[in-house]
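Residue-level listing of the chains:
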Amino acid sequence: MAPASRLLALWALAAVALPGSGAEGDGGWRPGGPGAVAEEERCTVERRADLTYAEFVQQYAFVRPVILQGLTDNSRFRALCSRDRLLASFGDRVVRLSTANTYSYHKDTLYFFGDNNFTEWASLFRHYSPPPFGLLGTAPAYSFGIAGAGSGVPFHWHGPGYSEVIYGRKRWFLYPPEKTPEFHPNKTTLAWLRDTYPALPPSARPLECTIRAGEVLYFPDRWWHATLNLDTSVFISTFLG
């Protein structure tokens, strides 16, 4: 993700929320918006609410993505991530915004993700309960984000990890390591969804699903994935490195 200009967190948070928005369910963040798109017709990633660690390792950890439900209670962390609470706690902090494109320095979709100063954000992160399933030889690292509707990250891959939505909805597209997706690294996920996705034959379609607040997506090592925020979204990723 390319570096962008440094702006006050107050500006970054206020810019992606409706004035006066404070509904308890959305934490004061903007549902939908001008960049919003629809969810997929059918989720093709399995959801599990009763998964054991043994099942996770045998069926998913090295094989395929899975959506985890109900394994942790992050209601306290969610309350602290409301717009008003974040502005009260971090509104005077300077943050680094990023562009969603892989190589582009044209800032057409900016969002706050990664580059978290863990000393500054420790008071927030200590209230987060990560998914309980680790992998041997790895250690978790957090990356917290806030993004407007229509933003996201184009296809890329890295090590395994989790992504939990705190507010909003995030649509995911995933391919196994041996199946390189058809995409242009300098175009946004939204452009890919509108220009490339409709022409893909069924055999070339990705696994896809929209992750909602309280759900956690696990992606295995080296799986290609792209994301698209359907609403203004608050989220946190746990990378297993």
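Preceding this paragraph is the structure being described.
Quick caveat, the model's predicted, so the values are computed rather than measured.

Any chance you could explain the nonpolar core here in plain terms?
If you look at the biggest cluster of nonpolar residues, it comprises 18 residues, and the most contacted ones within it are F77, C81, L86, W121, L124, F144 and V234. Broken down by secondary-structure element, the contributors of at least two residues to this core are α3 (75-80), α4 (83-90), β4 (94-99), α5 (122-125), β6 (140-147), β8 (161-167) and β13 (233-240). In terms of nonpolar packing, the next biggest core, distinct from the first, is built from 13 residues, F155, Y175, L193 and Y197 among them.

Sorry if this is basic, but what is going on with the pairing of strand β12 (residues 224-229) here?
The side chains of a regular strand alternate, first on one face of the sheet and then on the other. Burial analysis of β12 places six of its six residues in the buried class, which makes it a mostly covered element. The two faces of β12 match: W224, A226 and L228 on one face and H225, T227 and N229 on the other face are all buried. Judged from the three bridges that link them, strand β7 (residues 152-156) and β12 form a sheet pairing that is antiparallel. Across the sheet, G152 pairs through a bridge with L228, a residue of β12. One ladder, built from six bridges, connects strand β9 (residues 169-175) with β12; its direction is antiparallel. Following the sheet pairing, W172 is matched in β12 by T227.

Help me out: how do you make sense of the sheet that holds β7 in this one?
Spatial ordering of the open sheet is given by β7-β12-β9-β10, a layout of four strands whose pairing is antiparallel. Each edge of the sheet is formed by a strand with only one pairing partner; in this case those strands are β7 and β10 (207-212). This sheet shows a mean twist of 20° between the axes of neighbouring strands, independent of strand direction. Across six bridges, the pairing between β9 and β10 is antiparallel. Across the sheet, residue W172 finds its bridge partner in β10, namely C209.

Is there a simple way to think about the environment of V234 in this case?
Residue position: V234 is located in strand β13. Owing to a relative accessible area of 0%, V234 belongs among the buried residues under this scheme. For V234 and W29, which are 205 residues apart along the polypeptide, the C-alpha to C-alpha distance reads 8.6 Å. V234 has contacts with W29, C81, F144, G145, I146, E164, V165, I166 and Y167, leaving out every residue within four places of it along the chain.

Rules used in this analysis
- Residues numbered from 1 in each chain as written.
- Predicted model: local features only at pLDDT ≥ 70, side-chain atom pairs only at ≥ 80, totals over all residues.
- Heavy atoms only, no water.
- Core = buried A, V, L, I, M, F, W, Y, C linked by side-chain atoms within 4.5 Å.
- Buried < 20%, exposed > 50% of the residue type's maximum accessible area, 1.4 Å probe, protein only.
- Helix = DSSP H or I, 4+ residues; strand = E, 2+ residues; numbered from the N terminus.
- Pairing = 2+ DSSP bridges.
- Axes fitted to C-alpha atoms, helices over the stretch in contact; angles between N-to-C directions.
- Contact = heavy atoms within 4.5 Å.

By themselves, these figures tell us nothing about what the structure is for.
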